[in-house]
Amino acid sequence: MIRIEPRNANSAIFSYGVPILSAFIALILASIPLWFAGAPVLISYVEMAKGVFGSKFAFSEMLTRATPLMFTGLAAALAFRAKLWNIGAEGQLYLGAMAAAAIGTGLIEAPAFILLPLIIAFGCAAGSVGMVVPALLKTRYGADEVVTTLLLNFIIIIFLQYMLEGPLKDPMGLGWPQSSPILDQGMLPPLMERMRVHSGLVIAIVCALIAQFMLARSVWGFKLRAVGENVFAARHAGIKVNRTILSAALISGALAGMAGVSEVAGLKGYLTSDLSPGFGYVGIIVAMLAGLSPIGVVISALFIASVFVGADSMSRAMGVSSYLADLVVSTSLLCVLIGGFFSRFKMVRTSLKGQN
Amino acid sequence: MTSSPVLILNGLSKTFGSVQAADSISLELFRGEVLALLGENGAGKTTLMNMLFGHYMPDGGTIDIIDDSGYTESLPLGNPQASIAAGIGMVHQHFTLAENLDALDNIMLGSEKFLKIRRNKSQAVQKVQKIMNDSGLVAPMDVAVGKLTVGERQRVEILKALYQDVKILVLDEPTAVLTPQEADKLFENITAMTRNGLSVIFISHKLREVLAFSNRIAVLRHGKKVGEISSKEANERKIARLMVGEDTKISLRKKIKAGAPVLELDNLTISGSSKRESISNVNLSVKKHEILGIAGISGNGQTVLANAISGLVKPSSGKIKIDGKTITSIDPSNIIQTGVGRIPEDRHKDGIVGQMSVAENMIIEDLNSGKIQSRGLLDREAIMQNCSDLSSKYDVRGPGPNAPARLLSGGNIQKLILARVFEASPKLILANQPTRGLDLGAAADVANRLLEARQRGSGVILISEDLDEILSLSDRIMVIYDGKLRTAETHNRESLGLMMAGEVA
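Here the structure is a predicted model, which is why all the values come from computation and not from measurement.

Cut-offs used in this document
Residues numbered from 1 in each chain as written. Chains lettered and ligands numbered in written order. Predicted model: local features only at pLDDT ≥ 70, side-chain atom pairs only at ≥ 80, totals over all residues. Heavy atoms only, no water. Domains from an automatic or database assignment. Contact = heavy atoms within 4.5 Å. Buried area = accessible area lost by both parts, 1.4 Å probe. Phe/Tyr/Trp six-rings, centres within 6.5 Å; stacked < 30°, edge-to-face > 60°. Helix = DSSP H or I, 4+ residues; strand = E, 2+ residues; numbered from the N terminus. Buried < 20%, exposed > 50% of the residue type's maximum accessible area, 1.4 Å probe, protein only. Lys NZ or Arg CZ within 6 Å of the ring centre and 35° of its normal. Expected span 1.5 Å × (residues − 1). Arc of directions from axis to C-beta. Salt bridge = Lys/Arg side-chain N within 4 Å of Asp/Glu carboxyl O. Nonpolar A, V, L, I, M, F, W, Y, C, P; charged D, E, K, R; others polar. Patch = residues over 30% accessible without salt bridge, like charges linked within 9 Å, V, L, I, M, F, W, Y side chains within 5 Å. Areas by Shrake-Rupley, 256 points an atom, 1.4 Å probe, with all protein chains shown as cover. pLDDT = per-residue confidence, 0-100. Core = buried A, V, L, I, M, F, W, Y, C linked by side-chain atoms within 4.5 Å. Disulfide = S-S within 2.5 Å. Pairing = 2+ DSSP bridges. Axes fitted to C-alpha atoms, helices over the stretch in contact; angles between N-to-C directions. Parallel < 35°, antiparallel > 145°, perpendicular 65-115°, else oblique. Left-handed = near helix turned anticlockwise from the far one by under 90°.

Trainee: What should I look at first to understand the domain arrangement of chain B in this one?
Mentor: Interfaces are often described in size by the accessible area the parts lose on coming together. All names here are of chain B. Each assigned domain of chain B is listed with its residue range as follows: domain 1 (5–244) and domain 2 (261–500). Computed from C-alpha coordinates alone, the two centres of domain 1 and domain 2 are separated by 34 Å. Opposite the 11 residues of domain 1 that make contact, domain 2 presents 13 residues. Buried area between domain 1 and domain 2, both sides added, is near 950 Å², and the carbon and sulfur share of it is 58%.

Trainee: Honestly, the packing of aromatic side chains in this entry has me stumped. Any pointers?
Mentor: In this description, a pair of aromatic rings is defined by centroid distance and the angle of the planes. Throughout the structure, instances matching the rule amount to 6 aromatic pairs over all chains. A centroid spacing of 6.0 Å and a plane angle of 35° characterise the contact between A:Phe53 and A:Phe59, whose relative ring orientation is tilted. Look at B:Phe187 and B:Phe202: their rings are 5.2 Å apart centre to centre, the planes differ by 55°, and that puts the pair in the tilted class. In this pair, B:Phe187 is assigned in helix H6 (residues 180–195) and B:Phe202 in strand E8 (residues 199–204), connecting sequence segments 15 residues apart. With a relative accessible area of 2%, B:Phe187 lands in the buried category. Take B:Phe202: its relative accessible area is 0%, and that puts it in the buried class. Ring pairs connect the aromatic residues B:Phe187, B:Phe202 and B:Phe213, which therefore count as one cluster. Geometry around B:Tyr163 places B:Lys127 over its ring, the cationic atom sitting 4.6 Å from the centre.

Trainee: Even after reading the chapter, I still don't get helix H2 (residues 41–53) of chain A, so can you show me in this structure?
Mentor: Since there are 3.6 residues in each turn of an α-helix, residues three or four apart along the chain are aligned in direction. Residues and elements named next belong to chain A. The terminal C-alpha atoms of H2, which comprises 13 residues, lie 18 Å apart, in line with the 18 Å expected from a rise of 1.5 Å per residue. Within H2, burial applies to Ser 44, Tyr 45, Glu 47, Met 48, Gly 51 and Val 52. Seen along its axis, H2 keeps its buried residues to an arc of 155°; they face one direction. Exposed side chains of H2 directed beyond 90 degrees from the buried face belong to Leu 42 and Phe 53.

Trainee: Just checking my understanding: could you explain the interface of chain B and chain A for this structure?
Mentor: Taken together, the contact between chain B and chain A spans 35 residues of the former and 29 residues of the latter. Between chain B and chain A the total buried area reaches about 2700 Å² when both faces are included, carbon and sulfur atoms providing 60% of it. A:Arg225 serves as the salt-bridge partner of B:Glu360, at 2.9 Å between the closest nitrogen and oxygen. In terms of residue count, helix H11 (residues 347–351) of chain B provides more of the side of chain B that touches chain A than any other element does, 4 residues in total. Grouping the constituent residues of the side of chain B that touches chain A by class yields 15 nonpolar, 12 polar and 8 charged.

Trainee: How should a nonpolar patch on the surface be read in this particular structure?
Mentor: All names here are of chain A. Where nonpolar side chains cluster on the molecular surface, the patch consists of Trp 85, Val 146, Val 147, Leu 150, Leu 151, Phe 154 and Tyr 281 and spans about 570 Å² of accessible area. Here Leu 150 lies in helix H6 (residues 145–165). Taking relative accessible area as the criterion, Leu 150 reaches 31% and is therefore assigned partly exposed.

Trainee: Just checking my understanding: could you explain the environment of B:Asn334 for this structure?
Mentor: With respect to the helices and strands, the residue B:Asn334 is situated in helix H10 (residues 332–337). Once the C-alpha coordinates of B:Asn334 and B:Gly311 are considered, the two residues, 23 residues apart in sequence, prove to be 7.8 Å apart.

Trainee: Help me understand the confidence of the model for chain A in this model?
Mentor: Low pLDDT means the predicted coordinates in that region are not meant to be read closely. This prediction gives chain A a mean pLDDT of 89; 93% of its residues lie at or above 70. In the predicted structure, residues 352–356 of chain A sits below a pLDDT of 50 and forms 8 contacts with residues beyond four places in sequence or in another chain.

Trainee: Just to check I follow, could you spell out the nonpolar core for this structure?
Mentor: Soluble globular proteins tend to bury their nonpolar side chains together. Within the largest apolar cluster, 144 residues are counted, with the highest numbers of intra-cluster contacts made by A:Leu69, A:Met98, A:Leu271, A:Ile304, B:Leu367, B:Ile429 and B:Leu450. Sort the elements by how many residues they give to this core and helix H3 (residues 56–81) of chain A lands first, with 13 residues. The contacts of B:Leu367, once residues within four sequence positions are left out, are A:Val219, A:Phe222, A:Lys223, A:Ile239, B:Ile372, B:Gln373 and B:Leu378. If you look at the next biggest cluster of nonpolar residues, it comprises 45 residues, including B:Leu169, B:Leu171, B:Leu186 and B:Val219.

Trainee: Looking at this structure, I do not really get the state of the cysteines. What am I missing?
Mentor: In a disulfide, the sulfur atoms of two cysteines are held together by a covalent bond. Here the structure, examined in full by the defined rule, presents 0 disulfides over all chains. Not engaged in a disulfide, the cysteine A:Cys124 finds its nearest cysteine sulfur in A:Cys207; these two sulfurs lie 7.5 Å apart.

Trainee: Explanation requested: the pattern of salt bridges in the structure shown.
Mentor: Close approach of charged atoms allows side chains of opposite charge to pair. Overall, the coordinates contain 24 salt bridges over all chains when judged by the stated rule. Through salt bridges with shared partners, one network takes in B:Glu33, B:Arg216, B:Lys225 and B:Glu228.

Trainee: What am I meant to see in the sheet that holds strand E7 (residues 168–172) of chain B here?
Mentor: Two pairing modes exist for strands in a sheet, parallel and antiparallel, and in both the strands are linked by backbone hydrogen bonds. Residues and elements named next belong to chain B. One open sheet accounts for 6 strands, arranged E6-E7-E8-E3-E9-E10; its pairing is mixed. In the strand order of this sheet, the two ends are held by strand E6 (88–91) and strand E10 (224–230), each with one partner. Adjacent strand axes in the sheet meet at a mean angle of 20°, parallel and antiparallel pairs treated alike. Across 4 bridges, E6 lies against E7 in parallel orientation. Residue pairing across strands places Ile 88 opposite Ile 168, the latter belonging to E7.

Trainee: Just checking my understanding: could you explain the packing of helix H4 (residues 89–104) of chain A against helix H10 (residues 241–268) of chain A for this structure?
Mentor: In helix packing, the relevant descriptors are the interaxial angle and the interaxial distance, both defined with respect to the helix axes. All names here are of chain A. Where H4 meets H10, the closest approach of the two axes is 6 Å, and the angle between their N-to-C directions is 55°. The angle between H4 and H10 places the two elements in the oblique class. Judged by the sense of rotation from one axis to the other, the crossing of H4 with H10 is right-handed. The segment H4 lies against H10, with Ala 89, Gln 92, Leu 93, Gly 96, Ala 97 and Ala 100 engaging Ser 252, Gly 253, Ala 256, Gly 257, Ala 259, Gly 260, Val 261 and Val 264. Partitioning the contact of H4 with H10 into residue classes produces 8 nonpolar, 6 polar and no charged.

Trainee: Can you walk me through helix H5 (residues 150–163) of chain B in this structure?
Mentor: All names here are of chain B. Between its first and last C-alpha, H5 extends 20 Å over 14 residues, near the 20 Å set by a 1.5 Å rise per residue. Among the 14 residues of H5, 13 are classified as buried, and the element is accordingly described as predominantly covered. One or two residues past the end of H5 sits Asp 165, with phi positive at roughly 60°.

Trainee: Explain the packing of helix H11 (residues 279–289) of chain A against helix H12 (residues 294–318) of chain A here, please?
Mentor: Residue and element names in this part refer to chain A. One can describe the packing of H11 onto H12 by two numbers: an axis separation of 8 Å at closest approach and a directional angle of 125°. What the angle tells us is that H11 and H12 run oblique. Here H11 runs over H12; the crossing is right-handed. In this structure, H11 uses Val 282, Ile 285, Val 286, Ala 287 and Leu 289 to contact H12, whose residues at the interface are Val 297, Ser 300, Ala 301, Phe 303, Ile 304 and Phe 308. Of the residues contributing to the contact of H11 with H12, the split by class is 10 nonpolar, 1 polar and no charged.

Trainee: Would you take a moment to explain the side chain of B:Glu209 for this structure?
Mentor: You can see B:Glu209 is positioned in helix H7 (residues 207–213). Non-local contacts of B:Glu209, meaning those with residues more than four positions away in its chain, are made with B:Thr175, B:Phe187, B:Phe202, B:Ser204 and B:Ser214.

Trainee: Before we go on, may I ask you to explain the environment of A:Pro171 in this structure?
Mentor: Residues and elements named next belong to chain A. Here Pro 171 lies in the loop between H6 and helix H7 (200–217). Residue classification places Pro 171 among the exposed residues on the basis of a relative accessible area of 72%. Expressed as a C-alpha distance, the spacing of Pro 171 and Ala 125, which sit 46 residues apart in the sequence, is 27 Å.

What follows is the structure, given as structure tokens:
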């Protein structure tokens, strides 16, 4: 018989080893459908690696893809640390993107050093609003934020479609539901010449470093962790729980909004309703894979972006479906969740027979 | 009393990691006997019983069951079904009843075949009725267990064990939740049952009842059996010395004149969602240099009273005054600021953030002070220094300042909380069940700290279910029953017991 007992201490090997091992196991598991699809497994993975590391362009594409995932991953990680389940990063991303498009497409004509901070500020503020509203509903009325944030996503996306057909519609856009282009001085500068990777990546990494520092070293981070780990003890100790939850909501929403700003004002240059292929939801996976650590989010965003970008190029080279990327990403999440279980509990073999 | 053994434990041992929880314990239980199993927390009582029930696999040793005809059978180890089949029953300290089912359903639960289509209730009723007649344990059978009193629930729990035809009954701290009168009744019933051949092992902390109601006492310490005496030859001092290995030292209360009131509750009323969450028109005052003991069975409003003084619950009406000033905004941080130290009832839930480090838990009530932070950033060195200072001053032992606080033992968690509370030199200390679940050494430490605080001029409210603790520490005693507080004029067990049961003493 096997019994499950809690482990006494979480060892460092587990907290770092589990996500890395999970990623590998996910790749191994994904080789099964790959093999069924008739593709040679090893060569396919080589193609996948080439799609990420094969050229400067491939690598920059991976970084471009990782940027919004870092923002949405941070948004999820910070909220989840406070046990505030923000499932609405997708909606908040579009709120940020709409604000960026509203400000940046000619509403204000100003030089870059004024316009860019304005776009970022409004984008973050819009994302914050998208998260603070459900957080207020939670703290005031006890409404479950999983439901409210998730459903707000659909409301916001419909609102987006209205905006793209109405107020934000590009008059020169030949009837396509898209916004006018962001002014040149409103665009985040690119990082490499002739590549799409832009300075949003730098902002994301800086945000992760700040978040990591604040969580570990600031009174605010202390309160956030205390509320997330044991809300009863936190309240008993005089920590203002609702205020802490609202602050987490504010920052989580702002980071998700920043993902939208970075996609509109860094990559695409205009707003469409297919701006995000689910970056908000993938951000949750990024955060979980990172064990809710901000620095970890940067690394896991790079991994997941590699899988997506690599799988694209593999599917072109080998003629297999690029949905394999989704498969790898979701199996790696499952592996991390199972691995997390093993890092908290251990299996103990007990024999039913009497003493030896 | 016949003298043939029914159960022989022989050299049972069990280690958990580096801890020897049970070290070659041997024990005999005779037919029709009440054997008391005594020991501090962590002495190995629960481990031993869990091995008897097959919940734990012993590292070594044997368990023999002797049936009525004298046939000795070795019990398969680590197999709960075998233990049940051998007629061993256990009543846990925390009830394991389904509150929405009636008593009869609870009693029958687990004794019916899963796939049986028809239930034979009338036969069960007859059987329960017979057990009730034989033992004197009476409880209504057709009422949902959630509506029964604590004493009745416990009787249901014991009936449930007896219904399975047990020959050996283990009671784990059966009187923890009972009034002294209810406890006496329970022991009468137990005595009646042993006359019919039942053998009882009962685990307790309370020396008084152990002496009064058992035939024999076995004492465990650090996983070893350190003594076994007949109850007739024993006295409290003797047993306490066996349990702890030395006399416990609780410093004597020095006579000291109480000063001005530090806390006054003025017609405090809280209307909670249920009766146990309500108090009505509570008036009390605690003065400097004074310990006010509040006795009562749990669930009579202590928790909500403590929550109100801690700032966790806002009163529906009435006033809380500290140092004569009415507190207008009642929330925990404000209450802490005005100089109230709180030792929470549930130290794991309200006292510590288990995942955060010992050092962080020591400063969690201090986040706004300049000692450990400046401009919103934590001063790590100051936090570590604070932790090492307090750890040595309050003797908090554990795996180190950076280890998660949940790894500390119960006694050390309480010491961590004491360190936090007493370092702030509070005017008022609210100690809610401060020694519950602690071993004698740690409990004595808590008592001494409370007395020291009283000496220094703090007012102390001591809420406890342990009458001995209340009687030995308090200057004045009040009793809480059904959400109402009454002053106890006479300080003795009997009159307090009656007041705790809601009767006018």
